[in-house]
Amino acid sequence: MTTSPVSPTALLTRLRSARMTPKVLRTEVLAGLVVALALIPEAISFSIIAGVDPSVGLFASFTMAVVISVAGGRPAMISAATGAIALVVAPLARDHGLGYLIATVILGGLFQIALGALGVAKLMRFVPRSVMVGFVNALAILIFMAQVPELVDVPWMVYPLVVAALLIMIFFPRLTKVVPAPLVTIIALTALTIGAGIAVPTVGDKGALPSSLPVPGLPDVPFTLDTLKLIAPFALALALVGLMESLMTAKLVDDLTDTRSNKTRESIGQGIANVVTGFFGGMGGCAMIGQTMINVKNGARTRLSTFLAGVFLMILCIVFGPIVSDMPMAALVAVMVLVAFGTFDWHSVAPATLKRMPTGEITVMTVTVAVVVATDNLAVGVVIGTITAMVIFARRVAHLATVTALVDPDGDQVVYTVNGELFFASSNDLVHQFDYAGDPTKVVIDMTDAHVWDASSVAALDAITTKYAARGKTVEIIGLNEHSAKMHSALTGELTGSH
């Protein structure tokens, strides 16, 4: 059963019930403002990664934040334009244009609503930690690689500006964390380049910023089956990547705040937000781990901070648009390099960690990263990584099923004790662990410490019984637990077609 999104009126009612005291209100407003300030450079940078005008990313951040504050399932979590979504839609925007990107965002949102209603949030528990780590590391690598073109064939002054920006972002937080270091960096470098007349590429070179609020409209694409075939793979990738990142972030906020969120509602809410964002001309988005951490660590705990982050973002863009246009690209490149550096899980590749980690876990993480970097598709990497983890797990568990034999002193009976989990991988070798020719006439197979999981295991037991019967010997299977007994009674003798 899913929970329907609340209305704005219900949102206000919930805020009142959450004891919105003056102190809490001040905390929520200031946290929302800080997040909005930090969102501007990142939204613009993600727009550039996606190959669209900055306004497309800014509109997406505005609509995503406002809609998810009402429809989402995790209060205080920030959703906006993200690098993960930008990387998914970038090839489509580059090859086919903005109209197809917008259509993809809308279809991706519909996919998310459907997946959320089907309970996809519950499937996240099957994604191993090693895949999650590989996902994060691959995202960091792709974000960094996306900055390289901005550092090629540019005026030489870009390089010292990038270095200066990195130094500011590294050392400024030691003075104060009230104002985000990326914002300070951008303001400082913008003032420097304007004041000193330094000619370097600017945000304005990438496209015009919005001067008014976004208005709804339909994507400029032909509504044909060919269009659907073109955008559907990208839309599904957008839906999966967005849900993965959002559900990961929701779990992180749950742990930090000692509260529980409604993951199903969050999944559906992400879809609704992307559909609305698409109709308003945005590039789509999902939860932002970095901005959410800023919000939560500044004390925000309600939906109000998320709502205000979106509202403040549009106010800053519309009122201060000309200034934003003069921001040097060097500053934004530095911001994204540091975001990539901070996103990468360096502990996961530390020599001490690698020595302790099982080889299988390292393999899964490496495969996930390699596939994502090779395909530029985070969803494909996660799927391949998860399949790799399942195969490694199956191989590992397959060796845990053991068989021991104990012959009665009088030699009339042998008892085989089976221990472990029996499924398609482990049951294949089960048939070869019995002495059909040398055993006495009565054979007992004790399954007390085993569990039958699938038809392959029942077929293996049938094969064992058949081999003994061919030699005139009887087999008794004992100790089956309730689940195993039901599966065995339902399938035994039914799998070979020879009954």
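A quick note: this is a predicted structure, and the numbers were derived from the prediction, not measured. (Residues numbered from 1 in each chain as written. Predicted model: local features only at pLDDT ≥ 70, side-chain atom pairs only at ≥ 80, totals over all residues. Heavy atoms only, no water.)

Another aspect to go through is the packing of helix α8 (residues 181-196) against helix α13 (residues 329-343). Between α8 and α13, the shortest axis-to-axis distance is 9 Å and the interhelical angle comes to 160°. It follows from the interaxial angle that α8 and α13 lie roughly antiparallel. α13 is crossed by α8, and the crossing has right-handed handedness. Along the contact surface, α8 presents P182, I186 and L189, while α13 presents A331, L332 and V335. Here the contact of α8 with α13 is built from residues that sort into 6 nonpolar, no polar and no charged. (Axes fitted to C-alpha atoms, helices over the stretch in contact; angles between N-to-C directions. Helix = DSSP H or I, 4+ residues; strand = E, 2+ residues; numbered from the N terminus. Parallel < 35°, antiparallel > 145°, perpendicular 65-115°, else oblique. Left-handed = near helix turned anticlockwise from the far one by under 90°. Contact = heavy atoms within 4.5 Å. Nonpolar A, V, L, I, M, F, W, Y, C, P; charged D, E, K, R; others polar.)

Going through the model one piece at a time under the given rule, you end up with 7 aromatic pairs. Seen in terms of ring centroids, F423 and F424 are 5.1 Å apart; in terms of plane orientation they differ by 85°. Their pairing is edge-to-face. For F423, a relative accessible area of 12% puts it in the buried group. In textbook terms, an aromatic cluster arises when at least three aromatic residues are bridged by ring pairs, as seen for Y416, F434, Y436 and Y468. Over the ring of Y436 we find K467, and its NZ or CZ is 5.8 Å from the ring centre. (Phe/Tyr/Trp six-rings, centres within 6.5 Å; stacked < 30°, edge-to-face > 60°. Buried < 20%, exposed > 50% of the residue type's maximum accessible area, 1.4 Å probe, protein only. Lys NZ or Arg CZ within 6 Å of the ring centre and 35° of its normal.)

The next point concerns helix α7 (residues 158-171). Over its 14 residues, α7 runs 20 Å from end to end, which matches the ideal 20 Å to within 8%, given 1.5 Å per residue. When we look at burial in α7, the residues that qualify are V158, L161, V162, A165 and M169. Taken down its axis, α7 places every buried residue within 100° of arc, on the same side. (Expected span 1.5 Å × (residues − 1). Arc of directions from axis to C-beta.)

Among the structural elements, D462 can be located in helix α17 (residues 455-469). Within the structure, D462 has its side chain in polar contact with the side chain of T492 (distance 2.7 Å). Apart from residues lying up to four places away in sequence, D462 is in contact with H488, L491, T492 and G493. (Polar contact = N/O pair within 3.5 Å; in protein donor to acceptor, adjacent residues only side chain to side chain.)

Checked against the element boundaries, D220 lands in the loop between α8 and α9 (225-257). Note: C-alpha distance between D220 and Q112 (108 residues apart in sequence) is 22 Å.

If you want to describe how two helices pack, look at the angle between their axes and the distance between the axes. For the pair helix α6 (residues 129-147) and α13, the least separation of the axes is 8 Å and the interaxial angle reads 160°. One finds that α6 runs roughly antiparallel with respect to α13. As α6 packs across α13, the resulting crossing turns out to be left-handed. Together, V136, L139, A140, I143, F144 and Q147 of α6 and V333, M336, V337, A340 and T343 of α13 make up the contact between the two elements. Class assignment for the residues of the contact of α6 with α13 results in 9 nonpolar, 2 polar and no charged.

Here the largest pocket is characterised by a volume of approximately 1600 Å³. As for the largest pocket, its lining consists of 46 residues, and the residues nearest its centre are I289, G290, Q291, M293 and G342. Contributions of two or more residues to the lining of the largest pocket are made by α2 (22-50), α4 (83-96), α6, α7, α8, α9, α11 (289-297) and α13. The element that contributes the greatest number of residues to the lining of the largest pocket is α9, accounting for 7 residues. (1 Å grid on protein atoms, 1.4 Å probe; cavity = no way out; pocket = protein on both sides within 12 Å on 5 of 7 lines; lining within 4 Å. Points joined across faces, edges and corners; volume = space filled by probe spheres on them.)

Turning our eyes to something else, we now look at the sheet that holds strand β6 (residues 474-478). Pairing within the open sheet is mixed, and its 4 strands lie in the order β3-β4-β5-β6. If you trace the sheet from one side to the other, it starts and ends with β3 (402-407) and β6, each paired once. For this sheet the average axis-to-axis angle between neighbouring strands, irrespective of direction, equals 20°. Inspection of the sheet shows β3 paired to strand β4 (residues 413-422) by 6 bridges, in the antiparallel sense. Bridge pairing in β4 places T404 opposite T417. Those strands touched by α17 are β4, β5 (442-452) and β6, and its axis lies near 175° from that of β5. Across the sheet, helix α18 (residues 482-491) touches β5 and β6, and the angle it forms with β5 is around 120°. (Pairing = 2+ DSSP bridges.)

Let us now look at the nonpolar core. Formed by 88 residues in total, the largest nonpolar core has its most connected members in I44, L58, L101, M283 and L378. Sort the elements by how many residues they give to this core and α2 lands first, with 11 residues. Discounting chain neighbours no more than four positions away, the residues touching L101 are V52, V89, L92, A93, G282 and M283. (Core = buried A, V, L, I, M, F, W, Y, C linked by side-chain atoms within 4.5 Å.)

Looking now at the state of the cysteines. Counted according to the given criterion, the structure contains 0 disulfides. The cysteine C286 is free of any disulfide, with C317 supplying the nearest cysteine sulfur at 19 Å. Given the relative accessible area of 0%, C317 is considered buried. (Disulfide = S-S within 2.5 Å.)

Attention now goes to helix α3 (residues 54-71). Look at α3: 25 Å from first C-alpha to last across 18 residues, which is about the 26 Å you get at 1.5 Å a residue. Of all 18 residues in α3, 18 are buried; the element is thus mostly enclosed.

Considering all chains together, one arrives at 4 salt bridges under this definition. In this structure, the salt-bridge partner of D254 is R74, at a minimum N-O distance of 2.6 Å. Here the residue D254 occupies a position in helix α9, and R74 occupies one in the loop between α3 and β1 (79-80), the gap between them amounting to 180 residues. Assessed through its relative accessible area of 9%, D254 is described here as buried. Judged by its relative accessible area of 7%, R74 is buried. Residue K263 is joined to D254 by a salt bridge in which the shortest nitrogen-to-oxygen separation is 2.5 Å. Residue classification places K263 among the partly exposed residues on the basis of a relative accessible area of 22%. (Salt bridge = Lys/Arg side-chain N within 4 Å of Asp/Glu carboxyl O.)

Honestly, it's all geometry; don't read function into it.
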